[in-house]
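Chain and residue survey
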Amino acid sequence: MLKLYGKPLVQQKRNLSTNNTKQHNVNFAGNKGTTKGQDIIENREDYTYHTLITDKTGLILLTRSIHRDPGQFFEDEGDFKKAAQYYNASGKHYCNSKEYPKALQSYNKAIELTEKHNNKGYEALAIYSKNAAETHDNLKEYDEAAIKYNKAAGYYEKLLKIKNAASCYNSSCLSYYQSEKYSEALEEVNSAVTLTNKHFPDDCKNLANYYEVKANVYEKLELEQAAAEQYNKAALNYGKVAEQFEKQKKYEKAAAQYHSSGLCYFEAKKYPESVKAYNNALTLTQKHNFRAYDKLAAYNSNAAAADYKTGSYKEAGIKYDKAASYYKLQNKNKAASSNYMHSSVSYNKNQEYRKAIVQLNKAISLTSPNDNKNLAQYNSQLASTYDKAGRFNIAAKTYDKAAGYYEKQQEYTEAAFCYNSAGLSYFDAKKYSEAQKANYKTIDLLKTHDSDNSKDLAVCYIDLASAQLKLGNYNEAALSDDQAARYYEKQGKYREAIYSYNNSAESYLKDSNAQKALKQLNKAKNLIKAHYANEAEFLNFFTEKIREKAETIELADFSKINATSTTN
């Protein structure tokens, strides 16, 4: 039993409050200013008794009413061990008050005194170093934290407290991870793994944790295969822990461990094993803890992701739907709508478009009207699903709605994509005038906000030309194809440019404008000669097409092109 100047600690606990730190109104005998009613303390033993209290953990604290610093008091008395204990307790007090710089100062003082006056006080040094490391973490001083965790681990090794040592090495790894020093992090977690495997090979719970941490470090080092191997080891160990809990009928804990196993198998890209682990977690939770909605939501959502990876799209759709329902029961509408969206994606992959549409409409109904980002995404996905289902008119209108949300976020390229998709859907619905309007919106947005996007602009002009041809606006169609060709030339896509100039010529011919048609054909011819002179097959094919058009508009000059083709 720890004694303070002859008085047992338990006696102090009986006589002094453990819940409140009372300030004792005391003075040294002979001090000036002593007032009536104050206790006169005449000897060291009584002084110590009246001013010492204990906190809930039994650690020594001193009241703030005394005239000297408590730690310094013990130092003056030569009791350095007790002084270090005080500074450590003081550090904890400051940590609880989130006064981390002061806490760190106290912990460092405890370490300094112990190292100087109690060289073999390894247990105290381990505790004080660990406390200081945690404080460094709170201050986001990760390198310093890692170093102190490492020191604590070393002290625990000397004490043969291997589990504590391994835990500190793992904590050191996590601190280095935070400071992006991944090589140092790997070295620390390797120490944790090595110690545990050597002394406690059946400690599956800690091994699972260390392997998972190690996998995270390998990912940061871009060593994917090594990371996958560690995730697999972690998954196996989590699974063993789950089986142990299940045998003990601790079903909630077993389910949590199966879930962790599933997560690690997923990261290791072992999706069938992941599905099995997740399903075990779900079975136990549904059977023994049916109202654990938060867990059922998470387990179903993650299991759905694994089902999707195995190609079980229908199962994925069902589980995402269940996850969304459990999130709704918790009033977590954002998470619910996200899972309804993923359910829709899964049903889409299974070509169950009706179900996909239902799920997306659920997602939209739960989304805040101010959440333009998700409303844009969900409406765009819904429009795509309507289009696949052959409901082109409503698809186009939904694309228009999605584009509006993207514009509110100033995501103009995404908005342009939606307007372009709306144009295609209107075209399929044979509403060519609406298609043309949508294409104009697309082009205006891209020219205003993404003028260097030659690739998309070229495609947009081709789509516009298609709608204009259907409307009988041949001159406008020819101009649109000419613009497409120019943008293709900017990209160096000369073959596509040749075809676009050819299409432009055809539109001019339909408009009975032979001279403009001839100019477009000449542009195509020049590109052929400049870039495809050695490709005889392509040259001959396209030259023949041009010759046919030349005959149509009665331009004998095009006989020269055949001569060029023969020469090459």
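Analysis parameters
- Residues numbered from 1 in each chain as written.
- Predicted model: local features only at pLDDT ≥ 70, side-chain atom pairs only at ≥ 80, totals over all residues.
- Heavy atoms only, no water.
- Helix = DSSP H or I, 4+ residues; strand = E, 2+ residues; numbered from the N terminus.
- Buried < 20%, exposed > 50% of the residue type's maximum accessible area, 1.4 Å probe, protein only.
- Areas by Shrake-Rupley, 256 points an atom, 1.4 Å probe, with all protein chains shown as cover.
- Expected span 1.5 Å × (residues − 1).
- Contact = heavy atoms within 4.5 Å.
- Polar contact = N/O pair within 3.5 Å; in protein donor to acceptor, adjacent residues only side chain to side chain.
- Phe/Tyr/Trp six-rings, centres within 6.5 Å; stacked < 30°, edge-to-face > 60°.
- Lys NZ or Arg CZ within 6 Å of the ring centre and 35° of its normal.
- Patch = residues over 30% accessible without salt bridge, like charges linked within 9 Å, V, L, I, M, F, W, Y side chains within 5 Å.
- Salt bridge = Lys/Arg side-chain N within 4 Å of Asp/Glu carboxyl O.
- Lys, Arg positive; Asp, Glu negative; His and termini not counted.
- Charge placed at Lys NZ, Arg CZ, Asp CG, Glu CD.
- pLDDT = per-residue confidence, 0-100.
- Core = buried A, V, L, I, M, F, W, Y, C linked by side-chain atoms within 4.5 Å.
- Axes fitted to C-alpha atoms, helices over the stretch in contact; angles between N-to-C directions.
- Parallel < 35°, antiparallel > 145°, perpendicular 65-115°, else oblique.
- Left-handed = near helix turned anticlockwise from the far one by under 90°.

Below, the discussion takes up the overall build of the protein. The number of helices and strands found in the protein is 27 helices and six strands. Counting across all 568 residues of the protein, residues that qualify as buried make up 45%. Within the structure as shown, the protein displays about 29,300 Å² of accessible surface, and the carbon and sulfur contribution to it stands at 45%.

Another point: helix α24 (residues 494-510). If you check α24, its first and last C-alpha atoms are 24 Å apart, about what 17 residues at 1.5 Å a residue would give, namely 24 Å. Of the positions making up α24, those classed as buried are A497, I498, S500, Y501, N502, S504, A505, S507 and Y508. Of the residues trailing α24, S512 is marked for its positive phi of about 60 degrees.

Our next topic: unusual backbone geometry. Where the residue is not glycine, phi is negative for most of them; where a peptide bond is considered, it is trans in most cases. Here the phi dihedral of N331 falls at roughly 60 degrees; this positive angle occurs in a residue that is not glycine. Assessed through its relative accessible area of 68%, N331 is described here as exposed. At Q351, a position not held by glycine, the phi torsion is positive, near 60 degrees. In this fold, Q351 is placed in the loop between α16 (333-349) and α17 (353-366).

Taking 1.5 Å of rise per residue, 17 residues should cover 24 Å, and helix α15 (residues 313-329) covers 25 Å from first to last C-alpha, within 8% of that figure. Within α15, burial applies to A316, G317, K319, Y320, A323, A324, Y326 and Y327. Looking at the buried side of α15, the elements it contacts are α13 (271-288), α14 (293-309) and α16. Where α15 ends, the next residue or the one after it, N331, has phi of about 60 degrees, a positive value.

Time to look at the side chain of T385. Structurally, T385 is set in helix α18 (residues 372-388). T385 sits in the buried class, given a relative accessible area of 0%. Side chain to side chain, T385 and N348 meet in a polar contact 2.9 Å long. Apart from residues lying up to four places away in sequence, T385 is in contact with S344, N348, Y353, A356, I357 and L360.

The next thing to look at is the packing of aromatic side chains. Enumeration over the complete set of coordinates arrives at eight aromatic pairs. Look at Y122 and Y155: their rings are 6.2 Å apart centre to centre, the planes differ by 20 degrees, and that puts the pair in the stacked class. Placement of the pair is Y122 in helix α6 (residues 122-138) and Y155 in helix α7 (residues 142-158), with a sequence separation of 33 residues. On the accessibility criterion, Y122 (23% relative accessible area) is partly exposed. A relative accessible area of 13% places Y155 in the buried class. K163 extends its terminal NZ or CZ atom over the ring of F200, reaching a point 4.9 Å from the ring centre.

Our next topic: a negative patch on the surface. A cluster of like negative charges, contributed by E219, E222, E224 and E267, occupies part of the molecular surface. Its location among the elements puts E224 in helix α11 (residues 224-247).

The pLDDT averaged across the protein works out to 84; a share of 82% of its residues lies at or above 70. Across residues 1-67 the pLDDT falls below 50, and counting only partners more than four positions away or on other chains, this stretch makes 105 contacts in the model. Per-residue pLDDT stays below 50 along residues 555-568; that stretch engages in 18 contacts with residues further than four places along the chain or on separate chains.

As for its position among the elements, S344 is in helix α16. At a separation of 3.1 Å, a polar atom in the side chain of S344 contacts the main-chain carbonyl oxygen of A356. Here S344 is in contact with A356, Q359, L360 and T385, once residues within four sequence places are set aside.

If you look at the biggest cluster of nonpolar residues, it comprises 68 residues, and the most contacted ones within it are L382, C418, I443, Y461 and I498. Among all residues touching Y461, those that are not within four sequence positions of it are I443, K447, S480, Q483, A484 and Y487. With 55 residues, the next largest nonpolar core counts A146, A227, Y238 and A268 among its residues.

Relative to each other, α13 and α14 sit at 155 degrees, their axes nearing to 9 Å. On the basis of their axis angle, the class for α13 and α14 is roughly antiparallel. Remark: the crossing between α13 and α14 carries left-handed chirality. Here Y271, S274, V275, Y278, A281, L282, T285 and Q286 of α13 lie close against α14, whose contacting residues are K295, L296, Y299, N300, N302, A303, A306, D307 and K309.

Applying the stated criterion across every chain yields a total of eleven salt bridges. Put simply, D79 and K82 hold a salt bridge, and the shortest N to O gap is 3.0 Å. Taking the relative accessible area as the measure of exposure, D79 reaches 24% and is therefore partly exposed. What you see here is one network of salt bridges that share partners, running through D482, R486 and K523.

Mapped onto the secondary structure, S500 falls in helix α24. With relative accessibility at 3%, the residue S500 sits in the buried group. Along the backbone, S500 and I462 are 38 residues apart, and their C-alpha atoms lie at a distance of 7.9 Å.

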